[in-house]
Amino acid sequence: PRIHWGFRAPLFGDPRLDALDLAGQILAGGKGSRLHRRLVRHERLAQDVSLFSMGLIAGASLTAGWATARPGVDLERLEAAFWEELERIGREPVSADELDRAKALTEADELSALQRVDERADRLSMYATLFDDPDLINRMLGRYLSVTPAQVRDVAAAVFRPDNRAVLTYVPIAAP
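Below: a short report on this structure. (Residues numbered from 1 in each chain as written. Predicted model: local features only at pLDDT ≥ 70, side-chain atom pairs only at ≥ 80, totals over all residues. Heavy atoms only, no water.)

Here we look at the packing of helix 4 (residues 96-114) against helix 5 (residues 117-131)
It is the contact of helix 4 with helix 5, at a shortest axis distance of 6 Å, that shows an interaxial angle of 100°. Here helix 4 lies roughly perpendicular to helix 5, going by the angle between them. Along its contact with helix 4, which presents Glu110, Ala113 and Leu114, the element helix 5 presents Glu119, Arg120 and Arg123. Tallied by class, the residues present in the contact of helix 4 with helix 5 amount to two nonpolar, no polar and four charged. (Axes fitted to C-alpha atoms, helices over the stretch in contact; angles between N-to-C directions. Helix = DSSP H or I, 4+ residues; strand = E, 2+ residues; numbered from the N terminus. Parallel < 35°, antiparallel > 145°, perpendicular 65-115°, else oblique. Contact = heavy atoms within 4.5 Å. Nonpolar A, V, L, I, M, F, W, Y, C, P; charged D, E, K, R; others polar.)

Points about the nonpolar core
Counting residues in hydrophobic clusters, the biggest one holds 44 residues, and the most contacted among them are Leu39, Leu78, Ile89, Val152 and Phe160. Top contributing element to this core by residue count: helix 1 (residues 15-28), with eight residues. Once residues within four sequence positions are removed from consideration, Phe160 is found in contact with Phe7, Leu20, Leu27, Leu51, Thr63, Trp83, Leu86 and Ile89. (Core = buried A, V, L, I, M, F, W, Y, C linked by side-chain atoms within 4.5 Å. Buried < 20%, exposed > 50% of the residue type's maximum accessible area, 1.4 Å probe, protein only.)

A few points about the side chain of Ser61
With respect to the helices and strands, Ser61 occurs in strand 3 (residues 61-69). Engagement of the side chain of Ser61 in a polar contact is seen with the backbone nitrogen of Phe12, the distance being 3.3 Å. A polar atom in the side chain of Ser61 sits 2.9 Å from the backbone nitrogen of Leu56. Leave out the neighbours within four places in its chain, and Ser61 touches Phe7, Arg8, Ala9, Pro10, Leu11, Phe12, Leu17, Met54, Gly55 and Leu56. (Polar contact = N/O pair within 3.5 Å; in protein donor to acceptor, adjacent residues only side chain to side chain.)

A closer look at the sheet that holds strand 4 (residues 165-170)
An order of 2-3-1-4 is seen for the four strands of this open sheet, with the pairing classed as antiparallel. The open sheet terminates on both sides in strands that have one partner only, identified here as strand 2 (46-54) and strand 4. Adjacent strand axes in the sheet meet at a mean angle of 10°, parallel and antiparallel pairs treated alike. Here eight bridges tie strand 2 to strand 3, and the two strands are oriented antiparallel to one another. What sits directly across from Asp48, in strand 3, is Thr68. Packing of helix 1 onto the sheet brings it into contact with strand 1 (2-9), strand 2 and strand 3, and relative to strand 2 it is tilted by some 170°. In this fold helix 3 (residues 75-91) packs onto strand 1, strand 2, strand 3 and strand 4, with an angle of close to 30° to the strand it touches most, strand 1. (Pairing = 2+ DSSP bridges.)

Remarks on the pairing of strand 1
In the sheet, strand 1 pairs with strand 3 via eight bridges, with the strands oriented antiparallel. Bridged to Gly6 within strand 3 is Ala64. Of the pairings in the sheet, the one linking strand 1 to strand 4 comprises six bridges and is antiparallel in character. Across the sheet, residue Phe7 finds its bridge partner in strand 4, namely Arg165.

See the structure below:
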């Protein structure tokens, strides 16, 4: 069984989406993230967790995630724990350590991606086409690195709301 969540998010290019990307790293970016520590390691409710944003330029972007339940775990309990962490990041500023970790992971991802010629070409053409600003390739990392704890909290509070989410619960049928 797996629970999927989807949220409307700010448009691609909006600085709030940068802060939301960092919130995703804090919540589900690896084994040191809040959701992994709580749901996978400590409470042992989930086998895995994920949360990520897909920037789109029309309508709204999408922030989505899931949690795969461990065998025998009550899905309502898993959903409640997942939701508590999303609500908490929208109420309380993240710690400096958490934000520094999220920025370091994002910086490593960005620099790794930009080492590939095909990725640099894709990003240059994307920034030129969407924003008429190919030089944005040189400023994106700085945008991520300048995000504050208050910006993370504010965008999380705006996005992770009950009236802004869709929830899908997948329960496989037992084999005959």
